[in-house]
Amino acid sequence: MKLKNVLIIILLMCISNIHGKNNIVDNNFYEQFNQLYYNDSISAAKQLLDIWEKTGQREGDYYACQYNYYYNQAVKSIVTLTVELPLYAYNTNYFTLQDTINGGNAGYMYEGYIIVDSLLLDSAFHWINKGINECPNRLDLYFGLATSYLYCDQIDEMIETLENVMKQERKNKGKWLWTNDEKLPKSADALYSRIQEDIPRFVDAGELDKAEKLARIVLKYYPKRAEYWNNMGAIYYMRENFTEALYYFKKALKLNPKDEYVKGNIELLEEQITSAKQ
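Let us look at the structure shown here. (Residues numbered from 1 in each chain as written. Predicted model: local features only at pLDDT ≥ 70, side-chain atom pairs only at ≥ 80, totals over all residues. Heavy atoms only, no water.)

**Structural notes on the layout of surface pockets**
If you roll a probe as big as a water molecule over the atoms, it shows you where there is empty space left.
Right, so step 1: Counted as a void, the largest pocket has a volume near 310 Å³.
Right, so step 2: At the level of elements, helix 4 (60-74) and helix 6 (139-151) are the ones that each hand at least two residues to the lining of the largest pocket. (1 Å grid on protein atoms, 1.4 Å probe; cavity = no way out; pocket = protein on both sides within 12 Å on 5 of 7 lines; lining within 4 Å. Points joined across faces, edges and corners; volume = space filled by probe spheres on them. Helix = DSSP H or I, 4+ residues; strand = E, 2+ residues; numbered from the N terminus.)

**What about the pattern of salt bridges?**
Where side chains of opposite charge bring their charged atoms close, a pairing between them can arise.
Right, so step 1: Counted under the stated rule, the structure contains 16 salt bridges.
Right, so step 2: Put simply, R201 and D198 hold a salt bridge, and the shortest N to O gap is 3.4 Å. Taken together, the residues span about one helical turn, with R201 and D198 both in helix 8 (residues 190-204) at a distance of three residues. Summarising the burial analysis for this pair, R201 and D198 share the class buried.
Right, so step 3: Here K263 and E260 are joined by a salt bridge, their closest N and O atoms 3.4 Å apart. Of the two residues, K263 and E260 are both situated in helix 12 (residues 260-277); the distance of three residues between them amounts to about one turn of the helix.
Right, so step 4: With relative accessibility at 28%, the residue K263 sits in the partly exposed group. (Salt bridge = Lys/Arg side-chain N within 4 Å of Asp/Glu carboxyl O. Buried < 20%, exposed > 50% of the residue type's maximum accessible area, 1.4 Å probe, protein only.)

**Some words on helix 2 (residues 29-37)**
Right, so step 1: Among the residues making up helix 2, those that are buried are F29, Y30, F33, N34 and Y37. What you see down the axis of helix 2 is that its buried residues fit within an arc of 130 degrees, all on one side. (Arc of directions from axis to C-beta.)

**Details of the environment of A234**
Right, so step 1: Looking at where A234 falls in the secondary structure, it is placed in helix 10 (residues 226-238).
Right, so step 2: Residue A234 is classed as partly exposed on the basis of its relative accessible area, which comes to 29%.
Right, so step 3: On a C-alpha basis, the gap between A234 and N265 in space is 8.8 Å, while along the polypeptide they are 31 residues apart.

**Overview of the sheet that holds strand 1 (residues 75-82)**
Right, so step 1: Ordered in space as 1-3-2, the three strands form an open sheet in which the pairing is antiparallel. Two strands lie at the open edges of the sheet, namely strand 1 and strand 2 (95-98), each paired on one side alone. The mean angle between the axes of side-by-side strands here comes to 25 degrees, regardless of whether they run parallel or antiparallel.
Right, so step 2: Alignment of strand 2 against strand 3 (residues 105-115), held across four bridges, turns out to be antiparallel. Note that in strand 3 the partner of L97 across the bridge is G107. (Pairing = 2+ DSSP bridges. Axes fitted to C-alpha atoms, helices over the stretch in contact; angles between N-to-C directions.)

Structure (structure tokens):
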């Protein structure tokens, strides 16, 4: 082989390697950001976001990283002691403190969240809302926003965000994307899992009006899901409105006649209603 041909081959290989390396960098902004940010290289993470912005790439991960950058500086977690447990702490790990003198609960210890910079929080909400507008099928963005509203005790906004998920699901027929634009299998039923986490959270906290608000919205979009009728029954049971609770439990059983849990609820309620009449 002539020397000229060897040089051309080497040159082509170098160009190919450079092009390949650029692709690797472009395709891994998300991973690089996480490595930098969660290793406390905050300034380097911001520089990476600036470079990412100049590329013009606007996939869901870009907005997720912009949101994470601002949110994690605006809101900090601390070990918290309070007499009452906040909504977001339900269904999480927390310690109940006992009153050894008078008996009963003296308070709770849990991972709390405090807003240390409201302007940075506004920026975080700006980026994630923009991401949802630009990438409406990225379910992780909706869930991230809903969770942030929960931590900031903005429950109406949280419920509104979850309703927006239901509206979008009517449009995309359950074809959701997650991190790295990976397709979520319909069998995952991530929205169902989220709803069945939040409604019991409200019920356990005694926030029955909030639980009912979300449960009624869910029923509007998914009237054929027995579990959601059961949720309404549980809410009315907690209010000791047994007649209404029985109505919702029977609706659930009609949709799923094999549900032994709902059957048990109905039997219990019928006994209680009968006893009350005697």
